[in-house]
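# Structural characterization, general
Residue-level listing of the chains:
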Amino acid sequence: QQQVRQSPQSLTVWEGETAILNCSYEDSTFNYFPWYQQFPGEGPALLISIRSVSDKKEDGRFTIFFNKREKKLSLHITDSQPGDSATYFCAASVSSGSWQLIFGSGTQLTVMP
Amino acid sequence: DMKVTQMPRYLIKRMGENVLLECGQDMSHETMYWYRQDPGLGLQLIYISYDVDSNSEGDIPKGYRVSRKKREHFSLILDSAKTNQTSVYFCASSLTRDSLEQYFGPGTRLTVL
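First, a word on scope: everything that follows refers to the structure included in this document.

Calculation rules
Residues numbered from 1 in each chain as written. Chains lettered and ligands numbered in written order. Predicted model: local features only at pLDDT ≥ 70, side-chain atom pairs only at ≥ 80, totals over all residues. Heavy atoms only, no water. Helix = DSSP H or I, 4+ residues; strand = E, 2+ residues; numbered from the N terminus. Rg over C-alpha atoms; globule rule 2.2 N^0.38 Å. Buried < 20%, exposed > 50% of the residue type's maximum accessible area, 1.4 Å probe, protein only. Areas by Shrake-Rupley, 256 points an atom, 1.4 Å probe, with all protein chains shown as cover. Pairing = 2+ DSSP bridges. Salt bridge = Lys/Arg side-chain N within 4 Å of Asp/Glu carboxyl O. Axes fitted to C-alpha atoms, helices over the stretch in contact; angles between N-to-C directions. Disulfide = S-S within 2.5 Å. Core = buried A, V, L, I, M, F, W, Y, C linked by side-chain atoms within 4.5 Å. Contact = heavy atoms within 4.5 Å.

## A few points about the overall build of chain B
Looking only at helices and strands, one finds zero helices and 11 strands in chain B. When the helices and strands of chain B are listed from N to C terminus, the series reads β-β-β-β-β-β-β-β-β-β-β. Here chain B has a C-alpha radius of gyration of 13 Å; the compact-globule value for 113 residues is 13 Å, and the two agree. Principal-axis analysis of the C-alpha atoms places the extent of chain B at approximately 35 × 25 × 25 Å. Split into buried and exposed, the 113 residues of chain B put 48% on the buried side. Roughly 5500 Å² of accessible area belongs to chain B as shown, and the carbon and sulfur atoms make up 50% of that amount.

## Quick look at the pairing of strand β2 (residues 10-14) of chain A
Residue and element names in this part refer to chain A. Burial along β2 is one-sided: L11 and V13 are buried, while S10, T12 and W14, pointing the other way, are not. Here five bridges tie β2 to strand β11 (residues 107-112), and the two strands are oriented parallel to one another. Each residue of the ladder has a partner; that of L11, found in β11, is L109.

## Here we look at the pattern of salt bridges
Note that side chains of opposite charge can pair when their charged atoms are close. Residue and element names in this part refer to chain A. Within this structure, the stated rule accounts for eight salt bridges over all chains. For K56, the salt bridge identified is with E58, shortest N-O distance 3.9 Å. When its relative accessible area of 53% is taken as the criterion, E58 is described as exposed. The salt bridge partner of R69 is E70, with a shortest N-O separation of 3.3 Å. Of the residues examined, R69 reaches a relative accessible area of 70% and is grouped as exposed. By relative accessible area, which is 39% here, E70 ends up partly exposed.

## Digging into the sheet that holds strand β8 (residues 72-77) of chain A
All names here are of chain A. An order of β1-β3-β8-β7-β6 is seen for the five strands of this open sheet, with the pairing classed as antiparallel. Edge strands, defined here as strands with exactly one partner in the open sheet, are β1 (4-7) and β6 (56-59). Neighbouring strand axes in the sheet, compared pairwise and without regard to direction, differ in orientation by 15° on average. Bridging between β6 and strand β7 (residues 62-67) involves four bridges; their strand directions are antiparallel. Counted as the bridge partner of D59 is F62 from β7.

## Considerations on the sheet that holds strand β8 (residues 73-78) of chain B
Residue and element names in this part refer to chain B. Strand order across the open sheet formed by four strands is β1-β3-β8-β7, with antiparallel pairing between neighbours. The open sheet has two free edges, formed respectively by β1 (4-7) and β7 (65-70), since each of these has just one partner strand. Put simply, the sheet's adjacent strands are angled 20° from each other on average, direction ignored.

## Brief notes about unusual backbone geometry
Note: most peptide bonds trans; most residues except glycine with negative phi. Following S7 of chain A, the chain continues to P8 of chain A via a peptide bond in cis, the omega torsion being -10°. The residue P8 of chain A is located in the loop between β1 and β2 in this model. In the segment running from M7 of chain B into P8 of chain B, the intervening peptide bond is cis, with an omega of -10°. In this fold, P8 of chain B is placed in the loop between β1 and β2 (10-13). If you check the backbone angles, S80 of chain B has positive phi at about 60° while not being a glycine. Considering the arrangement of structural elements, one finds S80 of chain B in the loop between β8 and β9 (87-94).

## Points about the state of the cysteines
All names here are of chain A. For the structure on display, the rule yields two disulfides over all chains. Between C23 and C90 runs a disulfide, and the two sulfur atoms are separated by 2.0 Å. On the sign convention where negative is left-handed, the bridge of C23 and C90, at about -70° about the S-S bond, is left-handed. With C23 in strand β3 (residues 19-25) and C90 in strand β9 (residues 86-92), this residue pair connects regions lying 67 residues apart in the sequence.

## Quick look at the nonpolar core
Residues and elements named next belong to chain A. Of all hydrophobic cores here, the largest spans 25 residues; its most connected members are W35, L73, L75 and Y88. Those elements that provide at least two residues to this core are β2, β3, β4 (32-38), β5 (45-51), β7, β8, β9 and β11. Apart from the residues lying within four places of it in its own chain, the contact partners of L73 are L21, N22, C23, Y25, F33, W35, I64, F65, F66 and C90.

Right, here's the structure in full:
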């Protein structure tokens, strides 16, 4: 049972376009949602995160939109650059003594110049 | 420069051989993690270590064991490796169990023939 789902599996956009990556979850107790960015041959690195008390989090060209009622969130990357080409993982967690992350299967983003 | 290191980066073993994957961090982080990453499955948590000799099973501990004798080192051991343990293994660390951000190493690609 996959608790965190991501779509699409892969996405190609042109430089300058907005890339939209989707994520949904099942457990309503999840209250922390980080997005990790992973380049080939490297480990994931935290990109941006949101808590369930907020519906939007912005950091430069990266924005998370969060819909608690529908248990969905999305990562918008505006003015996409070739350097943004990477795999993006949505994760979810709830504090129960420690912040254990449940990762989605990832979206591979390719930005064409 | 804060860093998580993993050794070796690539490893080929035969079925039934023992495997030792090493992880180190120079940030004095209390909590360390081992994940495996498989295509289409994202990252799956194998073990968590909250400090020296304080380890806890993750979601897929079967076939693995861990050792943490020093805060900066966390080892993953596969006794009698199986072909279905072929994967990319990532180590991560966080300051404490309550810390939201995890820092990942570059990964070890393990192939079991």
